[in-house]
Every structure is written in structure tokens, then in C-alpha cells.
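# An overview of the molecular structure
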Amino acid sequence: LTEYLDRKPKALSGGQRQRVAMGRAIVRQPQVFCMDEPLSNLDAKMRVQTRTDIAKLQQDLGITTVYVTHDQVEAMTMGDRVAVMKLGVLQQVDTPLKLYDKPANLFVAGFIGSPQMNLIEAVAKDGKAFIGEYEVPVDPAAAAKMKGNITIGVRPENWRMVDSGQGLPVKTTVVEELGADAYLYGTSDVEGTPSALIVRTSGRDHVRKGEVFHVSTDPQHVHVFDTDTGERLSD
């Protein structure tokens, strides 16, 4: 730290300036750290390294830290409890996994997760959810509450491929190969489906661009929301 402080500010890199700022705060032994987008000006590699450094430092010092960020990866990897806000209004406060597994409304569902959750317009009839002609399996709690227009949410990793005619048809438009995994982006001609559906599959065994495949899911992986209010209806 002394070595950094002896240099002129312009001689320091972005990551070094962050360390200087934190060092000056630490020596004052505060009760709370307040950080507002501390990594936003760093390049991708330095952002990951500094994020890890801050998380380790916070654990070692045991000082409560309030961290403001628009980067959900930072929030999910660094936060013990995360507060999601929209236009100054608190939407949900919970652990990172609870935010991911049980988003309280449509905004949180669409915000948390990368790639984001597939959100599909559907209609509730007699306790069943339909995307066009395709019946979506939903949990009993959602089935008892849903009426009229609803929105179905399915995370990319929760789709499973099924035989032709048994699920939702998707025509592949883009394939992102990431090694162990691959993301398939496609379109469906079924009414209510968005312009792009996202499916995560094995990086070694997946369809190719232009091919059509069918997907389904299971009730425990389906998130049901009231389209008009955005409220979560699933258990």
C-alpha cells in the first residue's frame, strides 16, 4: 500500500487505485463499508480478480459491506443477501440462490440469471396452463391460483429435449459453444413464445443451426406469474 501511495495517481492502474481506496478505508477501522460500483471502470480480467480480492477481504475483516452494482454476477457471487430494486422500489431481498430459484415477480425473474429466464405468455384454463396448444406442467400451488393471462418462466438449464411432437418445437438460429455447455437460441411458431428461446445443453451433444428440436420441462422447474400484476403464483 505504501508503495502505491508514493506514486502519482496517474501512474496507478485501475485495480491499484481500488486497492489504495480500500486501504485508506481499512486503516480507519469503520463499522460499515459502502461501495458504489467499485469495479465498473476495470477491464474484464481485472474485474474478476478484484471481485475475488474484495470478497476475501470482507470475510477476513468481518466488516458489514453495503455494495451497490448493476452487475448481477457481482451481486450473486459477493452478496450474502441481495436487494433488487426497480425505480427506487424494493422488489425482493433474499439470498442469491433464493432470488434465482424463487423470484418474487416478473422483474426479478427477468433480471436475475445469465442468460435470462425464458418468459413466455400463456393462458390458464381449468387449472392448466397452455402455450398455444402445448400444455405446460405447473405445480399445484400455481394451478389453484392462476386465471386468464399468465406468464410462464423456465430457466435455460431446465428445458429437456423430447421426441418430436411431445413438446414445444424450437428452430435453432444460433448456437453458442462454451466447451462443457452450449446455449441454443431459437424461435418457435407457437403463439405467445418470445422472439428467442434459450436452451442450455451439453457442449458435446446438441443440434445444429437450422435444425428443429422439441423441449419440455417439469412442474418444479416452471415459474408462474400473473401477467397483469407480475406477482409470482408458484409455490
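Here the residue numbering is sequential within each chain, running from 1 through the sequence in written order. pLDDT decides what is reported in this predicted model: residues at 70 or higher carry local features, side-chain atom pairs at 80 or more are listed and counted, and totals for whole chains, interfaces and linings draw on all residues regardless. Excluded from the side-chain calculations are hydrogens and water; all other atoms, namely the structure's heavy atoms, are used.

## Some words on the layout of surface pockets
The distinction between a cavity and a pocket rests on a 1 Å grid over the protein atoms alone: a 1.4 Å probe fits inside a cavity but cannot get out, while a pocket stays open yet meets protein on both sides within 12 Å along at least five of seven lines, and a residue with an atom within 4 Å of a point counts as lining. Grid points are joined across faces, edges and corners, and a volume is the space filled by probe spheres set on the points. Approximately 830 Å³ is the volume attributed to the largest pocket. For the largest pocket, the lining is made up of 28 residues, of which Tyr67, Val68, Ala75, Arg81 and Val82 are closest to its centre. By definition, any uninterrupted DSSP run of H or I lasting at least four residues is a helix, any uninterrupted run of E lasting at least two residues is a strand, and each is numbered from the N terminus. Elements represented by at least two residues in the lining of the largest pocket include exactly helix H3 (44–61), strand S2 (64–68), helix H4 (72–78), strand S3 (82–86) and helix H6 (106–111). Polar here means any residue outside two lists: the nonpolar Ala, Val, Leu, Ile, Met, Phe, Trp, Tyr, Cys and Pro, and the charged Asp, Glu, Lys and Arg; Gly therefore counts as polar. Its residues assigned to classes, the lining of the largest pocket shows 15 nonpolar, 9 polar and 4 charged.

## Here we look at a nonpolar patch on the surface
Taken together, Val32, Val66 and Val68 make up a surface patch of nonpolar side chains, about 220 Å² in accessible area. With respect to the helices and strands, the residue Val68 is situated in strand S2. Burial classes follow relative accessibility: with a 1.4 Å probe on protein chains only, a residue under 20% of its type's maximum area counts as buried, one over 50% as exposed, and anything between as partly exposed. The class of Val68 is partly exposed, set by a relative accessible area of 42%. Nonpolar side chains (Val, Leu, Ile, Met, Phe, Trp, Tyr) within 5 Å and like charges within 9 Å form the patches, drawn only from residues with over 30% relative accessible area and no salt bridge. Under the convention used here, a 1.4 Å probe and the Shrake-Rupley method define accessible areas, while residue burial counts only the protein chains that appear. Definition used for salt bridges: Asp or Glu carboxyl oxygen within 4 Å of a side-chain nitrogen of Lys or Arg.

## A few points about the environment of Gly192
Tracing the chain through its elements places Gly192 in the loop between strand S11 (181–187) and strand S12 (197–202). Here a residue-residue contact requires only that any non-hydrogen atoms of the pair lie within 4.5 Å. Sequence-distant contacts of Gly192, that is, excluding residues within four places in its chain, are made with Ile120 and Glu121.

## Quick word on the pattern of salt bridges
A full pass over the atoms with the stated rule returns 3 salt bridges. A salt bridge links Lys56 to Asp60; the nearest nitrogen and oxygen atoms lie 3.0 Å apart. Note that Lys56 and Asp60 are positioned in helix H3 at a spacing of 4 residues, about one turn of the helix. The pair formed by Lys56 and Asp60 is uniform in burial state, with each residue classed as exposed. Close ionic contact of Glu177 with Arg208 constitutes a salt bridge, the shortest N to O distance being 3.3 Å. Here Arg208 lies in the loop between S12 and strand S13 (212–216) and Glu177 lies in strand S10 (residues 168–177), a separation of 31 residues in the sequence. By relative accessible area, which is 53% here, Glu177 ends up exposed.

## Regarding the packing of aromatic side chains
Between rings of Phe, Tyr and Trp, where Trp is taken as its six-membered ring, a pair exists when centres lie within 6.5 Å; planes separated by under 30 degrees are stacked, by over 60 edge-to-face, and by other angles tilted. Inspection of the entire model under this criterion finds 1 aromatic pair. Ring centres of Phe107 and Phe111 lie 5.9 Å apart, and the angle between their planes is 5°; this geometry places the pair in the stacked category. Linking Phe107 with Phe111, this pair stays in helix H6, spanning 4 residues, or about one helical turn. According to the relative accessible area criterion, Phe107 is partly exposed, its value standing at 29%. Classification of Phe111 as partly exposed rests on a relative accessible area of 32%. By definition, being over a ring means that NZ of Lys or CZ of Arg is both within 6 Å of the ring centre and within 35 degrees of the ring normal. Positioned over the ring face of Tyr100 is Arg155, at 3.9 Å from the centre of the ring.

## A look at the sheet that holds strand S14 (residues 223–226)
Pairing between two strands is assigned when DSSP locates at least 2 bridges connecting them. Taken in spatial order, the 5 strands line up as S7-S6-S5-S8-S14 in an open sheet, and their pairing is antiparallel. Either end of the sheet is taken by a strand with one partner, and the two such strands are strand S7 (134–136) and S14. Within this sheet the neighbouring strands show an average axis-to-axis angle of 45°, counted without direction. Axes, fitted as lines to C-alpha atoms, cover a helix only where it is in contact. Angles between the N-to-C directions of the axes lie from 0 to 180 degrees.

## Concerning the sheet that holds S12
Adjacent strands of a sheet pair through backbone hydrogen bonds, lying either parallel or antiparallel. If you trace the 5 strands from one edge of the open sheet to the other, you get S9-S13-S10-S11-S12, paired in antiparallel fashion. Edge positions in the sheet fall to strand S9 (160–162) and S12, since each of these pairs with one other strand and no more. Between one strand and the next, the sheet's axes are offset by a mean angle of 55°, whatever the strand orientation. Looking at chain direction, S10 and S13 are connected through 4 bridges and run antiparallel.

## Quick notes on the environment of Pro194
Here Pro194 shows up in the loop between S11 and S12. It is 7.4 Å that separates the C-alpha atoms of Pro194 and Leu119, two residues lying 75 residues apart in sequence.

## Some thoughts on the nonpolar core
Definition used in this section: a nonpolar core is a set of buried Ala, Val, Leu, Ile, Met, Phe, Trp, Tyr and Cys residues joined via side-chain atoms within 4.5 Å. Ranked by size, the top nonpolar core spans 26 residues in total, and within it Met146, Ile150, Ile152, Leu168 and Val224 carry the most contacts. For this core, the elements supplying multiple residues, two or more each, are strand S5 (118–125), strand S6 (128–131), S7, strand S8 (148–154), S10, S12 and S13. Grouped together as the second largest cluster of nonpolar side chains are 7 residues, Met22, Leu39, Ile54 and Ile63 included.

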